[in-house]
Amino acid sequence: MREVAIAGIGQTKYSGLTDQSYPELVRAATKTVLEDAETTIDSVDAVVVSMAPDAIIGVSHGERWIVDACGAAGKPMMRVHTGGATGISAVQVAAYHVASGMYDTVMVVGADRVGESGDAQTILNRIWDPFYERAMPLNTITMLAFQAVRFMEKYGMTEEHMAAVSVKDHKNGCKNPYAHVQKEFTVEDVLGSRMISWPIKLYDSCPSSSGGAAMILTAGENVGRFPHKPAYIRGLGHASETYWMGDRMGPKKEVDHADSPALTQAAYAAYKMAGIQDHRREIQAWELYAPFSNIELHAIQDVGLCEPDETLKLLEDGAFDIDGDRPVNPSGGVLCANPISVTAMVRVAEAALQVQGRAGEHQIDGVKTALATGIGGDHQHFGAVVVGDGR
Amino acid sequence: MKQESLTTLQEHWDITYNHALGETGSHFYNALRDEGKILGRRCPACERVLLPPRPFCDRDFVDTTDWVEVGTEGRVEAFTVVFQSFRGLPEAPYCIAYVLLDGADTAVLNYVRGIDWTPGNVPQNIGVGTRVKVAFAEEREGRMTDFWFEKA
Ligand SMILES: [Zn+2]
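Residues numbered from 1 in each chain as written. Chains lettered and ligands numbered in written order. Predicted model: local features only at pLDDT ≥ 70, side-chain atom pairs only at ≥ 80, totals over all residues. Heavy atoms only, no water.

Quick look at the overall build of chain A
- Per the secondary structure count, chain A includes twelve helices and eleven strands.
- A compact globule built from 391 residues should have a C-alpha radius of gyration of about 21 Å, and chain A, at 19 Å, falls within 12% of that.
- Taking the principal axes of its C-alpha atoms as reference, chain A extends roughly 55 × 45 × 40 Å.
- For chain A, buried positions account for 65% of its 391 residues.
- For chain A, the accessible area works out to roughly 12900 Å², and carbon and sulfur atoms hold 49% of it.
- Looking at chain A, you have 33 positive and 49 negative side-chain charges, and the mean spots of the two groups are 3 Å apart. (Helix = DSSP H or I, 4+ residues; strand = E, 2+ residues; numbered from the N terminus. Rg over C-alpha atoms; globule rule 2.2 N^0.38 Å. Buried < 20%, exposed > 50% of the residue type's maximum accessible area, 1.4 Å probe, protein only. Areas by Shrake-Rupley, 256 points an atom, 1.4 Å probe, with all protein chains shown as cover. Lys, Arg positive; Asp, Glu negative; His and termini not counted. Charge placed at Lys NZ, Arg CZ, Asp CG, Glu CD.)

Here you go:
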């Protein structure tokens, strides 16, 4: 397999605005990544479109609407969709394109306008089958409230722990110019915010964001053609869980809905591929997909950043703060911007910016290697990417 | 020059489906509607009773073989109480829970009714481990909403 390098990163400012159409956002992300890589669309051999449920943007088979906006006419183009994990899956597909030798330079691009319908949770309720579970109704908030309840029961998490995660991430988000939410909260603010789905409150939750993002991946031998210090995709992992949340409970469960062994599987596959022996020492920045505060805590322990019985203590001690010894979501993470189709791609982009030393105000000193993760479906599809500064 | 205002265009999707339930789903709903029974499917390999019923066991990747009537009481495995109404979804507040019914090996989702909810009274009124019983609608139409849970 060939080495895969990240040659360019483009993000638009994430917001609640719907002042640009979906193709306009894709066009903006494409222009930004080409400018960042100091190249033209002619250098792009293939395009991977990062696009989650069509109903969010309101056009079925929406990738056909943006062929021109991302310069894909006359080029190979495919769409990738694994729900919330879409962005990290799309990066992985682009990486396979390059690693295989099929294409030299590949652009992965997408956008979302989650605020446009105002019915995002009704749309996301439709990811359940109409037979048994849609009527209750499940959606991405209730499914992760179930996770929170089981995590509380199993590990002793409290609403205060959830609030502490939110406070940390929102503080980081204020340093990220692309973040949708740039506002600091106190623990009291979070605890006093509107209850959405017990125990998840408004400020434990991600916003409904619009915005676009893109990355250009290229074969390792091409890095000299691009302007930035190279960041390499060193490890990739993916794994899925059963469709049935109710199977992740009770004495005969194999997997507990409190945890995600598939995330562990994905992360450790990525560590192994990257040749990492001691991930806690060798990885200095962690961009972990977490649309609700409780999800960050299970992600932390499921990627092996600490032992499960240490997570809450380390949170209290500030270990996951931007200046802690295990910094998690220095960008502010998904709690500060969730343009669903590209959210997990942004985790990889932020990991790469840390490795390249280009993260600006939220840069962590001396990052050589970073981990990005994504989660999609009913806590079901998990992806992990290790980005490093060397081969 | 005056800034031109940006405009939007309102669209609405209204799509009808007639979803095929298949043999397993059809039998489950017929028994629920006509006999007021909740039926699971047993896997011949791991012997788990799967509810909702499925024609095959994902773990062993073999076809399930027997119908098993499960009990009408069970244990809450996970719950949430929703306080935010969303357009197109039910009016809040309401409680939904995954319950491991006696005799089943997987938890089934439904409403927990009969409690007046406020954000402050949630943990006093329900928890992982709370015992609940099934209540059936008098007029059943072959839907999951033909039954719900109440505190036992
Ligand atoms: Zn089985």
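Focus on the interface of chain B and chain A
- The interface is formed by 45 residues belonging to chain B together with 44 residues belonging to chain A.
- Buried area between chain B and chain A, both sides added, is near 3800 Å², and the carbon and sulfur share of it is 62%.
- It is W13, R59 and Y98 of chain B in chain B that bury the most area against chain A; as a group they hold 15% of the surface buried on that side.
- The interface formed by chain B and chain A includes six salt bridges.
- Here R54 of chain B ties to D247 of chain A by a salt bridge, and the two come within 2.7 Å at their closest N and O atoms.
- The tally of links from chain B across to chain A stands at 19 residue pairs in polar contact (both at pLDDT 80 or more). (Contact = heavy atoms within 4.5 Å. Buried area = accessible area lost by both parts, 1.4 Å probe. Salt bridge = Lys/Arg side-chain N within 4 Å of Asp/Glu carboxyl O. Polar contact = N/O pair within 3.5 Å; in protein donor to acceptor, adjacent residues only side chain to side chain.)

Concerning the sheet that holds strand 1 (residues 4-11) of chain A
Residue and element names in this part refer to chain A.
- Read across the sheet, nine strands follow the order 3-2-4-7-1-8-11-10-9 without closing on themselves; strand pairing throughout is mixed. Edge strands, defined here as strands with exactly one partner in the open sheet, are strand 3 (77-80) and strand 9 (285-287). Neighbouring strand axes in the sheet, compared pairwise and without regard to direction, differ in orientation by 25° on average.
- Across eight bridges, strand 10 (residues 369-376) lies against strand 11 (residues 381-388) in antiparallel orientation. Across the sheet, residue G374 finds its bridge partner in strand 11, namely G383. (Pairing = 2+ DSSP bridges. Axes fitted to C-alpha atoms, helices over the stretch in contact; angles between N-to-C directions.)

Things to note about the pattern of salt bridges
- Under the counting rule described, the total for this entry stands at 30 salt bridges over all chains.
- One salt bridge connects E159 of chain A with K201 of chain A, and the closest N-O pair in it is separated by 2.6 Å. Of the two residues, E159 of chain A is situated in helix 6 (residues 159-173) and K201 of chain A in strand 6 (residues 200-201); the sequence distance between them amounts to 42 residues.
- The salt bridge partner of R59 of chain B is E254 of chain A, with a shortest N-O separation of 3.3 Å. You can see R59 of chain B sitting in the loop between strand 3 (56-57) and strand 4 (62-63) and its partner E254 of chain A sitting in the loop between strand 8 (231-240) and helix 8 (261-273), one on each of two chains.
- Residue classification places E254 of chain A among the exposed positions, given a relative accessible area of 59%.
- Taken together, the shared-partner salt bridges in this structure form one network comprising R150 and D256 of chain A together with R75 and E77 of chain B.

Points about the coordination of the zinc ion
Residues and elements named next belong to chain B.
- Donor atoms from the polypeptide that coordinate the zinc ion comprise C43 (SG), C46 (SG), C57 (SG) and D60 (OD), at 1.8 to 2.3 Å from the metal.
- In this structure, the zinc ion is surrounded by four donor atoms whose angles at the metal cover 103 to 114°, and the resulting shape is tetrahedral.
- Of note, the zinc ion draws all its donor residues from one chain, in the sequence arrangement C-x2-C-x10-C-x2-D. Highlighted residues: C46 in the loop between strand 1 (39-42) and strand 2 (49-50) and D60 in the loop between strand 3 and strand 4, separated in sequence by 14 residues. (Donors = N, O, S within 2.8 Å, 3.2 Å for Na, K, Ca; no water. Tetrahedral: all angles 85-135°; square planar, octahedral: opposite > 155°, others 65-115°.)

Considering the packing of helix 6 of chain A against helix 10 (residues 293-302) of chain A
All names here are of chain A.
- As a packed pair, helix 6 and helix 10 sit with axes 8 Å apart at the nearest point and diverge in direction by 90°. In terms of axis orientation, helix 6 runs roughly perpendicular to helix 10. Contacts from H161, M162, V165, S166, K168 and D169 of helix 6 reach helix 10 at S293, N294, E296 and L297.
- For the contact of helix 6 with helix 10, a count of residues per class yields three nonpolar, four polar and three charged. (Parallel < 35°, antiparallel > 145°, perpendicular 65-115°, else oblique. Nonpolar A, V, L, I, M, F, W, Y, C, P; charged D, E, K, R; others polar.)

Section: the UniProt feature "domain: ChsH2 C-terminal OB-fold" (unreviewed entry) in chain B
- Mapped onto this structure's residue numbering, the UniProt feature "domain: ChsH2 C-terminal OB-fold" (unreviewed entry) falls at residues 67-136 of chain B.
- Structurally, residues 67-136 of chain B is divided into 6% helix and 46% strand, and its ends, taken at the C-alpha atoms, are 20 Å apart. (UniProt positions renumbered as here; feature names shortened; annotations may be inferred.)

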